[in-house]
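These are the residues of each chain, in order.
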Amino acid sequence: MSAALLFTILNVLGTFVFGLSGAMVAIRRRFDLFGILVLAVATGVAGGIVRDLLLGAAPPEALRSTWPLAVASLAGLCAFLFTKQIERLNRPVMLLDAIGLGVFAVAGCRKALIYGIEPPGAVLLGVISAIGGGVLRDIMAAEVPRVLHEDVYALAAFAGAVAYAVCLWFAVPETTAAAGAVLLAVGLRLASVRFGWTLPRPPGPD
Amino acid sequence: MSAALLFTILNVLGTFVFGLSGAMVAIRRRFDLFGILVLAVATGVAGGIVRDLLLGAAPPEALRSTWPLAVASLAGLCAFLFTKQIERLNRPVMLLDAIGLGVFAVAGCRKALIYGIEPPGAVLLGVISAIGGGVLRDIMAAEVPRVLHEDVYALAAFAGAVAYAVCLWFAVPETTAAAGAVLLAVGLRLASVRFGWTLPRPPGPD
Amino acid sequence: MSAALLFTILNVLGTFVFGLSGAMVAIRRRFDLFGILVLAVATGVAGGIVRDLLLGAAPPEALRSTWPLAVASLAGLCAFLFTKQIERLNRPVMLLDAIGLGVFAVAGCRKALIYGIEPPGAVLLGVISAIGGGVLRDIMAAEVPRVLHEDVYALAAFAGAVAYAVCLWFAVPETTAAAGAVLLAVGLRLASVRFGWTLPRPPGPD
């Protein structure tokens, strides 16, 4: 399988899963069907839209092609129709969310490097692509973005983007670098959930 | 009256009314005069700014011409000076807000089609133009955006944008298509308020 | 010292101080180390990123050069390591924050004028540059942006940007205009805190 095809498949999967996560937040808040679709689409495509805007690649891909919109809407519809089943699938959704996180971080970093951004900025852009959708989802639900207080979430995206940029720096072939970086980000995220890894916090008031 | 002149008049009216709605939220929260003006301007021009950014039409019209800024500021000032009178005008404001919603949805969709966006993306852009200002207003007031839980609000914008795109597809003259689509969106919004229409919701916890 | 060098130094200082303020909010909320860094970077560079996007100058400077990212991250790290000391420095931080506010307002207005924006739009852009980081910081922390209810904050940025644009209009030399406008904004902000200046508010419910 070529790298481009792999990235396309993973991108569609990531958009769908992020759409699902937006819809589930909307359902928990008892929004109506249209509110669910709006939050699914916002969560599924916001990261990519912000990435393209920051790269000066407007109009963003999410408006030029039809698939991101269609995939995210479909995710919202599925969440509405199969709410109970998806709630029972808590673990698989977490797994797919981790995959989306890793894919978007590496794909965002890759696109930024192609557009001639220096590695530190490209890593930042990868992280923004990966967490942008979730941040908008939580802001629209008037919650503190989970990425800010959930340990090893943004950090996993950061690690994936850094790994990809470093691999390319050392002339690792692109497909290998991408696959390894995605696996690193996904693995780090899953391991942190499984083993309850936390990052240092400032000393508390007590 | 030409279509361009009609759109200009409606655009000014929509900016003014959205500015009013932002200012009224700020007043309810007891912000000071400058906070009221900031929220009026943000609500009045944010939808158009996001639309222009997404189209790659930066700098956006709200920065290149002076009128959007002036009209939204004037709305904020009016709301500050005539708070009591406007509060009594609850119904007219709702009517004007519905007009703004319809106008911005159709105008946004139209501009996107002119910029060569495919119809599904153009409809999305119309909806973003129409609801963007209100979403920013509510996020800045740390509230869940009303559009997410108020039935038939984003849906009315969506219907207007779709109707416009479909009419053009079937070669309906532009002025007729625009007028019909705006009327559809406004009528749908007003009827939903009048008759208490709701959309399906996910089954509740009770 | 040339005007360009002065602006560069002040820009670095402003980014650092805004980064500090974002980190302190994250620490108060007990985010982990990475959440602190994310909020420091978001607060330090968001104003400039939004400014560059609105000017059509994508990719924004914060992605093309490395220093804004590095400086804001460093501020986050300092805040994490020296929390207690910074908390004791309450007054100096407020002073530096006022300097950042003034610098970003004038620098944003200046860049907009260079890009050919008319004075009213350039002033708006200066205000957005100056308050953008703080607004994003508060939105991400699920708080009402302080700029909306803190008297004479956005107004100080507004005064600085207007003063700069008016000075240039009357052919005042650029360095003099910039220095005077920054001093005006900083002085207005500090005086308002020192003397408890407030703006008129709408009549309350009682």
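Residues numbered from 1 in each chain as written. Chains lettered and ligands numbered in written order. Predicted model: local features only at pLDDT ≥ 70, side-chain atom pairs only at ≥ 80, totals over all residues. Heavy atoms only, no water.

In this section: the interface of chain A and chain B. Interface size is commonly expressed as the accessible surface area that is lost when the partners come together. In this assembly, 26 residues from chain A lie in contact with 31 residues from chain B. Interface area for chain A against chain B, summed over the two sides, is near 2,400 Å², with a carbon-plus-sulfur share of 77%. It is A:Arg30, A:Phe34 and A:Leu63 that lose the most area in chain A upon contact with chain B, and together they represent 30% of the buried surface on that side. Joining chain A to chain B, the criterion identifies zero salt bridges. Between chain A and chain B we count zero residue pairs in polar contact (both at pLDDT 80 or more) in total. Elements with a contribution of two residues or more to the side of chain A that touches chain B: helix H2 (33-54), helix H3 (61-64), helix H4 (67-81) and helix H7 (119-140) of chain A. Classifying every residue of the side of chain A that touches chain B by side-chain character gives 20 nonpolar, two polar and four charged. (Contact = heavy atoms within 4.5 Å. Buried area = accessible area lost by both parts, 1.4 Å probe. Salt bridge = Lys/Arg side-chain N within 4 Å of Asp/Glu carboxyl O. Polar contact = N/O pair within 3.5 Å; in protein donor to acceptor, adjacent residues only side chain to side chain. Helix = DSSP H or I, 4+ residues; strand = E, 2+ residues; numbered from the N terminus. Nonpolar A, V, L, I, M, F, W, Y, C, P; charged D, E, K, R; others polar.)

So, about the relation of the copies chain A and chain B. By a simple turn and slide, chain A fits onto chain B: the slide is 0.0 Å along the axis, the RMSD is 0.0 Å, and the turn is 120°. As the rotation angle and translation indicate, the two copies are arranged about a three-fold axis. Minimal C-alpha separation from the rotation axis in chain A is found for A:Ala142, amounting to 3.6 Å. When the interface residues of chain A are mapped onto chain B, a mere 12% of them again fall at the interface, so the copies present different faces. (Least-squares fit on C-alpha atoms with pLDDT ≥ 70 in both.)

This part covers the UniProt feature "domain: Glycine transporter" (unreviewed entry) in chain A. Residue and element names in this part refer to chain A. Per the UniProt record, the feature "domain: Glycine transporter" (unreviewed entry) sits at residues 9-83 and 95-167. Between the first and last C-alpha atoms of residues 9-83 the distance is 25 Å; the span itself is 83% helix and 0% strand. End-to-end, the C-alpha atoms of residues 95-167 are 25 Å apart, and along that stretch the chain is 82% helix and 0% strand. (UniProt positions renumbered as here; feature names shortened; annotations may be inferred.)

The description of two packed helices rests on the angle between their axes and on the distance between the axes. Residues and elements named next belong to chain A. Helix H10 (residues 174-195) packs onto helix H9 (residues 154-169) with a crossing angle of 160° between their chain directions and a minimal axis gap of 8 Å. One finds that H9 runs roughly antiparallel with respect to H10. Handedness of the H9/H10 crossing: right-handed. In contact with Leu155, Ala156, Ala159, Gly160, Ala163, Tyr164, Cys167 and Leu168 of H9, H10 contributes Glu174, Ala177, Ala178, Ala181, Leu184, Ala185, Leu188 and Arg189. The residue makeup of the contact of H9 with H10, split by class, is 13 nonpolar, one polar and two charged. (Axes fitted to C-alpha atoms, helices over the stretch in contact; angles between N-to-C directions. Parallel < 35°, antiparallel > 145°, perpendicular 65-115°, else oblique. Left-handed = near helix turned anticlockwise from the far one by under 90°.)

A separate point is the nonpolar core. A:Ile131, B:Ile131 and C:Ile131 are the most contacted members of the largest nonpolar core, which has 213 residues in total. Apart from the residues lying within four places of it in its own chain, the contact partners of B:Ile131 are B:Leu101, B:Val147, B:Tyr153 and B:Ala154. (Core = buried A, V, L, I, M, F, W, Y, C linked by side-chain atoms within 4.5 Å. Buried < 20%, exposed > 50% of the residue type's maximum accessible area, 1.4 Å probe, protein only.)

What follows deals with helix H9 (residues 154-169) of chain B. Residue and element names in this part refer to chain B. End to end, H9 covers 22 Å across 16 residues, agreeing with the expected 22 Å (1.5 Å per residue, within 8%). Every buried residue of H9 is listed here: Ala154, Ala156, Ala157, Ala159, Gly160, Ala161, Ala163, Tyr164 and Ala165. Backbone geometry just downstream of H9 places Ala171 in the positive-phi region, at approximately 60°. (Expected span 1.5 Å × (residues − 1).)

Further remarks concern the side chain of A:Ser192. By secondary structure assignment, the location of A:Ser192 is in helix H10. When its relative accessible area of 4% is taken as the criterion, A:Ser192 is described as buried.

Right, let's talk about the interface of chain C and chain B for a bit. Facing 31 residues of chain C, the contacting portion of chain B comprises 26 residues. For the pair chain C and chain B, the summed buried area comes to about 2,400 Å², and 77% of that belongs to carbon and sulfur atoms. The largest per-residue losses of area from chain C upon contact with chain B belong to C:Leu54, C:Leu148 and C:Pro202, which jointly make up 28% of the total buried on that side. Run the count over chain C and chain B and you get zero salt bridges. Across the contact surface, chain C and chain B share zero residue pairs in polar contact (both at pLDDT 80 or more). Looking at the side of chain C that touches chain B, the elements that each hand over two or more residues are helix H2 (33-54), helix H7 (119-140), helix H8 (146-149) and helix H9 (154-169) of chain C. With six residues, H7(C) is the single largest residue contributor to the side of chain C that touches chain B.

Another point: the state of the cysteines. For the structure shown, the criterion picks out zero disulfides over all chains. A:Cys167 forms no disulfide, and the closest cysteine sulfur to it belongs to A:Cys109, at a distance of 10 Å. (Disulfide = S-S within 2.5 Å.)

In this section: the environment of A:Ala156. In this fold, A:Ala156 is placed in helix H9. Apart from the residues lying within four places of it in its own chain, the contact partners of A:Ala156 are A:Leu101, A:Ala185, A:Leu188 and A:Arg189.

A word on H2(C). Residues and elements named next belong to chain C. Here H2 spans 31 Å end to end across 22 residues, near enough to the 32 Å set by a 1.5 Å rise per residue. At Val45, H2 is deflected by roughly 45°, the largest bend along its length. Burial of H2 is extensive: 19 of the 22 residues sit out of reach of the surface. The N-cap residue of H2 is Asp32: its side-chain oxygen and the backbone nitrogen of Phe34 are 2.9 Å apart. Once H2 ends, the next one or two residues include Gly56, with phi positive near 75°. (Bend = angle between axes of the 7 residues up to and from the residue.)

Here we come to unusual backbone geometry. Although it is not a glycine, A:Ala171 adopts a positive phi angle of roughly 65°. Locating A:Ala171 in the fold gives a position in the loop between H9 and H10.

All names here are of chain A. At a closest axis distance of 8 Å, the pairing of H2 and H7 adopts a crossing angle of 145°. By crossing handedness, the relation of H2 to H7 is classed as right-handed. Of the residues in H7, those in contact with Leu39, Ala42, Thr43, Ala46, Gly47, Val50, Arg51 and Leu54 of H2 are Leu125, Ile128, Ser129, Gly132, Gly133, Gly134, Leu136, Arg137 and Met140. Taken together, the residues of the contact of H2 with H7 break down into nine nonpolar, six polar and two charged.

With that settled, the discussion passes to the relation of the copies chain C and chain B. Once chain C is rotated about the relating axis by 120° and shifted along it by 0.0 Å, it coincides with chain B to within an RMSD of 0.0 Å. An overlap of only 10% is found between the interface residues of chain C and their copies at the interface of chain B, pointing to separate contact surfaces.

Take a nonpolar patch on the surface next. Residue and element names in this part refer to chain A. Where nonpolar side chains cluster on the molecular surface, the patch consists of Leu77, Leu81 and Phe82 and spans about 280 Å² of accessible area. For Phe82, the position within the fold is in the loop between H4 and helix H5 (83-88). The partly exposed category is assigned to Phe82, whose relative accessible area is 41%. (Patch = residues over 30% accessible without salt bridge, like charges linked within 9 Å, V, L, I, M, F, W, Y side chains within 5 Å. Areas by Shrake-Rupley, 256 points an atom, 1.4 Å probe, with all protein chains shown as cover.)

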